[in-house]
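# Architecture at a glance
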Amino acid sequence: MIQITSTVAEVQNQVRQWKQDGLTVALVPTMGYLHEGHGSLIAQAAKENDRVVVSIFVNPMQFGPAEDLATYPRDLVRDQQVCSQYGAHLIFHPTVEEMYTPGFSSYVDVSGLTEGLCGSSRPGHFRGVCTVVNKLLHIVAPHKAYFGQKDAQQLAVIRRMVRDLNMDPDIVGCPIVREPDGLAKSSRNTYLSAQERAAALCLSQALDLGRNMAAHGERDAAAIIEAVGARIRQEPLAKIDYVHIVDLDTLKPVQQIDRPVLCALAVFIGKTRLIDNFIFTP
């Protein structure tokens, strides 16, 4: 039977006991409404560690004023089933008050990596991400923490934060998990109507086009960006937030693909903002 706790003290006590028993501990941070993408993170964590903690916390600090905090999908019963199915041992499901006690006024900012891509259109988002992940890493004190490559900028930012602050956990990035038709798994996919769900395929199809261009020798980033954008613009329900090709390490835009790069995009399908990406090494 999987354990569920909502308090920091109970998580810390359990993890302390596991470590005293010589067990390795992993953390999979999530905002809940778990799907197979989260399941793949839990499964990899369970394969590589003795115990797995899954945090389920819809973090208000990373949502902007006009974003979907109030409507973000939540289903703890379903989440318990996914955690059990993929091998988790403990769910940490705190309240907002447990994570941000009265008078909370300490924040974590990572500059540079957070200024482009999603950082441009979601000001304050990465401050919220870094603050809550920093807290979770301190609360759970895992040996390893697992994050999905779909949120590629988030993964790069967290790796930089952990390195810069001399934190102990290894940060493990895991591949994007997709539906059979190519759409990247996302909790926000539940917002899509049937028509929007079909339209959302333009993201993965556009990225496939860009990846194929790079694989066949195209090294002009602008040409790939234009082709990816043109494919998305063929879909009437799609509105591009951004399409960028950036250095995989610095997340700065590149003109020539002469190093490992991230091709990342964010697109509104109706009112739902979806992200996707691919990594290419020439």
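Every chain begins its residue count from 1, and numbering advances along the sequence as written. Since the coordinates come from a predicted model, pLDDT governs what is reported: local features require at least 70, and pairs of side-chain atoms require 80 or more to be given and counted, while whole-chain, interface and lining totals use all residues. Where side-chain values are given, they derive from all heavy atoms of the structure, hydrogens and water being excluded.

For the protein, an unreviewed UniProt entry supplies the name Pantothenate synthetase and the organism Saezia sanguinis. As its UniProt record puts it under Pathway (unreviewed entry), the protein is described as follows: "Cofactor biosynthesis; (R)-pantothenate biosynthesis; (R)-pantothenate from (R)-pantoate and beta-alanine: step 1/1." The record in UniProt for the protein states the following under Subunit (unreviewed entry): "Homodimer." UniProt positions are given in the numbering used here, feature names are shortened, and annotations may be inferred rather than shown by experiment.

### Considering the side chain of Asp68
Where helices and strands are cited, they refer to DSSP runs of H or I of at least four residues and of E of at least two residues respectively, numbered from the N terminus. Along the polypeptide, Asp68 turns up in the loop between β3 (51-56) and α3 (76-86). Residues adjacent in sequence count toward polar contacts only when both atoms are side-chain atoms; beyond that, a polar contact is any pair of N or O atoms within 3.5 Å, and within protein one must be able to donate a hydrogen and the other to accept it. In terms of polar contacts, Asp68 uses its side chain to reach the side chain of Arg188, at 3.0 Å. Residue contacts follow a heavy-atom distance rule, with two residues in contact if any of their heavy atoms lie within 4.5 Å. Once you skip the residues sitting within four places of it in the chain, Asp68 turns out to touch Phe63, Arg188 and Tyr191.

### Digging into the sheet that holds strand β4 (residues 90-92)
When DSSP locates at least two bridges between a pair of strands, those strands are taken to pair. Taken in spatial order, the 6 strands make up an open sheet running β1-β4-β3-β2-β5-β6, and their pairing is parallel. Each edge of the open sheet carries a strand with a single partner, namely β1 (3-5) and β6 (170-174). Going across the sheet, the axis of each strand differs from the next one's by a mean of 25°, ignoring polarity. Where strand β5 (residues 144-148) lies against β6, 5 bridges are found, and the strand directions are parallel. Working convention: axes come from line fits to C-alpha atoms, limited for helices to the stretch in contact. Angles between N-to-C directions cover 0 to 180 degrees.

### Structural notes on the environment of Val246
Positionally, Val246 belongs in strand β7 (residues 238-247). The buried label goes to any residue with under 20% of its type's maximum accessible area, the exposed label to any with over 50%, and the partly exposed label to all in between, with areas taken from a 1.4 Å probe on protein chains only. You can call Val246 buried: its relative accessible area is 2%. The spacing of Val246 and Arg160 is 86 residues in sequence and 16 Å in space, taken between C-alpha atoms. The residues touching Val246, leaving out its near neighbours within four places in the chain, are Leu117, Leu251, Lys252, Pro253, Val254, Pro260, Val261 and Leu262.

### Some words on unusual backbone geometry
Among all residues except glycine, the phi angle is most often negative; among peptide bonds, the trans geometry is most common. Phi is positive for Tyr33, which is not a glycine, with a value near 50°. Position of Tyr33 relative to the elements: it lies in the loop between β2 (25-30) and α2 (36-48). Look at Leu117: it is not a glycine, yet its phi comes out positive at around 50°. Take Leu117: it is sitting in the loop between α4 (96-99) and α5 (118-121).

### A look at the UniProt feature "binding site: (R)-pantoate" (unreviewed entry) in the protein
In the UniProt entry, the feature "binding site: (R)-pantoate" (unreviewed entry) is given for Gln62 and Gln154. On the basis of their most widely separated C-alpha atoms, the annotated residues across 93 residues gather in one place, lying no more than 11.6 Å apart. With respect to the helices and strands, the residue Gln62 is situated in the loop between β3 and α3. The contact partners of Gln62, leaving out residues within four places of it in the chain, are Met31, Glu67, Arg122, His125, Gly128, Val129 and Val132. A distance of 2.9 Å separates a polar atom in the side chain of Gln62 from a polar atom in the side chain of Asn59. Its place among the elements puts Gln154 in helix α7 (residues 152-164). In contact with Gln154, not counting residues within four places along its chain, are Phe126, Val129 and Phe147.

### Digging into the nonpolar core
Put simply, a nonpolar core is a bunch of buried Ala, Val, Leu, Ile, Met, Phe, Trp, Tyr and Cys residues held in one set by side-chain atoms that sit within 4.5 Å of each other. Formed by 46 residues in total, the largest nonpolar core has its most connected members in Val53, Phe92, Met99, Val133, Leu137, Val140 and Met161. Those elements that place two or more of their residues in this core are α1 (8-20), β2, β4, α6 (125-140), β5, α7, β7 and β8 (261-269). Domain boundaries shown here were taken from an automatic or database domain assignment. Among the domains, domain 1 (3-174) and domain 2 (189-276) are the pair contributing at least three residues each to this core. Residues within four places of Met99 in sequence aside, it is in contact with Phe57, Phe92, Pro94, Phe104, Val132, Lys135, Leu136 and Ile139. Core analysis: the second largest hydrophobic core is formed by 27 residues, Leu201, Cys202, Ala238 and Val267 among them.

### Some details on the sheet that holds β8
Taken in spatial order, the 3 strands of this open sheet run β7-β8-β9, and their pairing is antiparallel. Single-partner strands in this sheet number two, and they are β7 and β9 (272-280). Neighbour to neighbour, the strand axes of the sheet diverge by 15° on average, direction disregarded. Where β8 and β9 come together, 9 bridges link them in antiparallel fashion. Residue Leu265 lies in a different strand from β9, and its bridge partner there is Asp276. Contacts from helix α9 (residues 201-215) reach β7, β8 and β9 within the one sheet, and its direction differs from that of β9 by about 20°.

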